[in-house]
Amino acid sequence: RDMYAVYTDEELRTLEERAIALYDGTTRAIIGNFGMGSFGDIAYVPGTQIPFPKGIRAVADWYMATKLYPDYVMGIFQRQLEIALENLALYRQAVGERIAAIFISGTDFGSQRGAFIAPASYRAMFQPFHKAINDWVHANTSWKTFYHSCGSMVDLYDDFIAAGVDIVNPVQISAAGMDPATLKARWGDRLVFWGAGVDTQRVLPFGTPDEIREHVRQNVAILGVGGGFVFNSIHNIQAGIPTENLVALFEAFSA
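Rules used in this analysis
- Residues numbered from 1 in each chain as written.
- Predicted model: local features only at pLDDT ≥ 70, side-chain atom pairs only at ≥ 80, totals over all residues.
- Heavy atoms only, no water.
- Pairing = 2+ DSSP bridges.
- Helix = DSSP H or I, 4+ residues; strand = E, 2+ residues; numbered from the N terminus.
- Axes fitted to C-alpha atoms, helices over the stretch in contact; angles between N-to-C directions.
- Parallel < 35°, antiparallel > 145°, perpendicular 65-115°, else oblique.
- Left-handed = near helix turned anticlockwise from the far one by under 90°.
- Contact = heavy atoms within 4.5 Å.
- Nonpolar A, V, L, I, M, F, W, Y, C, P; charged D, E, K, R; others polar.
- Phe/Tyr/Trp six-rings, centres within 6.5 Å; stacked < 30°, edge-to-face > 60°.
- Buried < 20%, exposed > 50% of the residue type's maximum accessible area, 1.4 Å probe, protein only.
- 1 Å grid on protein atoms, 1.4 Å probe; cavity = no way out; pocket = protein on both sides within 12 Å on 5 of 7 lines; lining within 4 Å.
- Points joined across faces, edges and corners; volume = space filled by probe spheres on them.
- Patch = residues over 30% accessible without salt bridge, like charges linked within 9 Å, V, L, I, M, F, W, Y side chains within 5 Å.
- Areas by Shrake-Rupley, 256 points an atom, 1.4 Å probe, with all protein chains shown as cover.
- Salt bridge = Lys/Arg side-chain N within 4 Å of Asp/Glu carboxyl O.
- Core = buried A, V, L, I, M, F, W, Y, C linked by side-chain atoms within 4.5 Å.
- Expected span 1.5 Å × (residues − 1).

**What about the sheet that holds strand β3 (residues 144-148)?**
Argument step 1. The sheet built from six strands is open, its strands ordered β1-β2-β3-β4-β5-β6 with parallel pairing. The sheet terminates laterally at β1 (31-33) and β6 (229-230), the two strands that pair on one side only.
Argument step 2. Of the strand pairs in this sheet, β3 and strand β4 (residues 167-169) are connected by three bridges, and their pairing is parallel. Each bridged residue has a counterpart across the sheet, and for H148 the counterpart in β4 is N169.

**Describing the packing of helix α3 (residues 70-95) against helix α5 (residues 127-140)**
Argument step 1. Relative to each other, α3 and α5 sit at 15 degrees, their axes nearing to 10 Å. In this view, α3 runs roughly parallel relative to α5, as classed from their interaxial angle. Like other packed secondary-structure pairs, α3 and α5 cross with a definite hand, here right-handed. In this structure, α3 uses M74, F77, Q78, L81, A84, L85, L88, A89 and R92 to contact α5, whose residues at the interface are F129, A132, I133, W136, V137 and N140.
Argument step 2. Its residues assigned to classes, the contact of α3 with α5 comprises twelve nonpolar, two polar and one charged.

**A few points about the packing of aromatic side chains**
Argument step 1. Scanning the entire structure with this criterion turns up 21 aromatic pairs.
Argument step 2. Between Y7 and Y91 the ring centres are 6.2 Å apart and the planes differ by 40 degrees, which places this aromatic pair in the tilted class. Of the two residues, Y7 sits in the segment before α1 (9-25) while Y91 sits in helix α3, which places them 84 residues apart along the sequence. Neither Y7 nor Y91 differs from the other in exposure class; each is buried.
Argument step 3. The rings of F39, W62, F77, F109, Y122, F126, F129, Y147 and F160 are connected pair by pair, giving a single aromatic cluster.

**Things to note about the layout of surface pockets**
Argument step 1. Quantified by volume, the largest pocket comes out at close to 340 Å³.
Argument step 2. Lining the largest pocket we find 18 residues, and of these Y4, Y44, V45, W62 and I76 sit closest to its centre.
Argument step 3. The element best represented in the lining of the largest pocket is α3, accounting for five residues.
Argument step 4. Tallied by class, the residues present in the lining of the largest pocket amount to eleven nonpolar, three polar and four charged.
Argument step 5. Here the second largest pocket defines a volume of roughly 280 Å³.
Argument step 6. In this structure, the second largest pocket is lined by 16 residues; those nearest its centre are Y63, T66, I117, M125 and F126.
Argument step 7. Considered class by class, the residues forming the lining of the second largest pocket number nine nonpolar, four polar and three charged.

**Observations concerning a nonpolar patch on the surface**
Argument step 1. Among the surface-exposed residues, M64, L68, Y69 and Y72 lie close enough to one another that they form a single nonpolar patch of about 470 Å² accessible area.
Argument step 2. Here M64 lies in helix α2 (residues 59-68).
Argument step 3. Residue classification places M64 among the partly exposed positions, given a relative accessible area of 45%.

**Quick notes on the nonpolar core**
Generally speaking, a soluble globular protein has its nonpolar side chains buried in company with each other.
Argument step 1. Grouped together as the largest cluster of nonpolar side chains are 55 residues, with contacts concentrated most on F34, I102, Y157, L183 and F193.
Argument step 2. Mapped onto this core, the elements with two or more residues apiece are α1, α2, α3, β2 (101-105), α4 (119-125), α5, α6 (157-162) and α7 (180-187).
Argument step 3. In terms of residue count, α3 provides more of this core than any other element does, nine residues in total.
Argument step 4. V203, L204, I241 and A252 belong to the second-largest nonpolar core, a separate cluster that totals nine residues.

**Looking at helix α9 (residues 209-223)**
Argument step 1. The end-to-end C-alpha separation of α9 is 21 Å, in line with the 21 Å expected for 15 residues at 1.5 Å each.
Argument step 2. On its buried side, α9 packs onto α7, β5 (192-194), α8 (203-206), β6 and α10 (243-254).

**A short note on the packing of α9 against α10**
Argument step 1. Look at α9 against α10: their axes get within 8 Å of each other, and the N-to-C directions meet at 30 degrees. Looking at the two axes, α9 sits roughly parallel to α10. The two elements α9 and α10 cross, and the hand of that crossing is right-handed. Here P209, I212, R213 and V216 of α9 come into contact with α10, specifically with E244, N245, A248, L249, E251, A252 and F253.
Argument step 2. A breakdown of the residues in the contact of α9 with α10 according to their chemical character gives seven nonpolar, one polar and three charged.

Put into structure tokens, the structure is as follows:
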């Protein structure tokens, strides 16, 4: 939905009805879909498919804008934060304590080889806004906060923790420095890893069923120790995956 608008009465009624229906109709945990803490998410920058976009419409233009026009960008973030906090209070009124966690942000900060952004820049430009939202959630609810960021995040997880992030996803163990043993040893007592079940870039599409079974078993054995792990694939499973590989994935996890 529009992250620069306050919830309408109709939207709040829909949220409440959906939360009640799910809470009364399942024994499973419910995750709230908020997403208004996605400061700087390129998915919300219009025009990325236009051949010759004008203004801040292309991916490269957006990243350069954070350095060229920091005051402008921070002003946008500040207004977004004000609306997000207002909407969080309304969201809380609608769903109550029926949800266990809430998705806050889908902004990607990592690439295959490292972070898109220097930790110092993250701390200056993004962390204050993330912390404000997480602080509100933790002060006013029992929810856990859920943040999505693809890529190598080892340079930023400490800063995520300082901002109050509880759950990270998709835990891209195929990226630099993101091997499961390192993640569990360094952050396993402070972050919930939601993902990292199977590498969807190489292992699942191109591995053999036996390789997939062993891969999944190893990931679960390492990340599942002591809890703090929600099994999921690393991002979406794409079309064209051999059927036998998908069967191997589900067999390994359910064994």
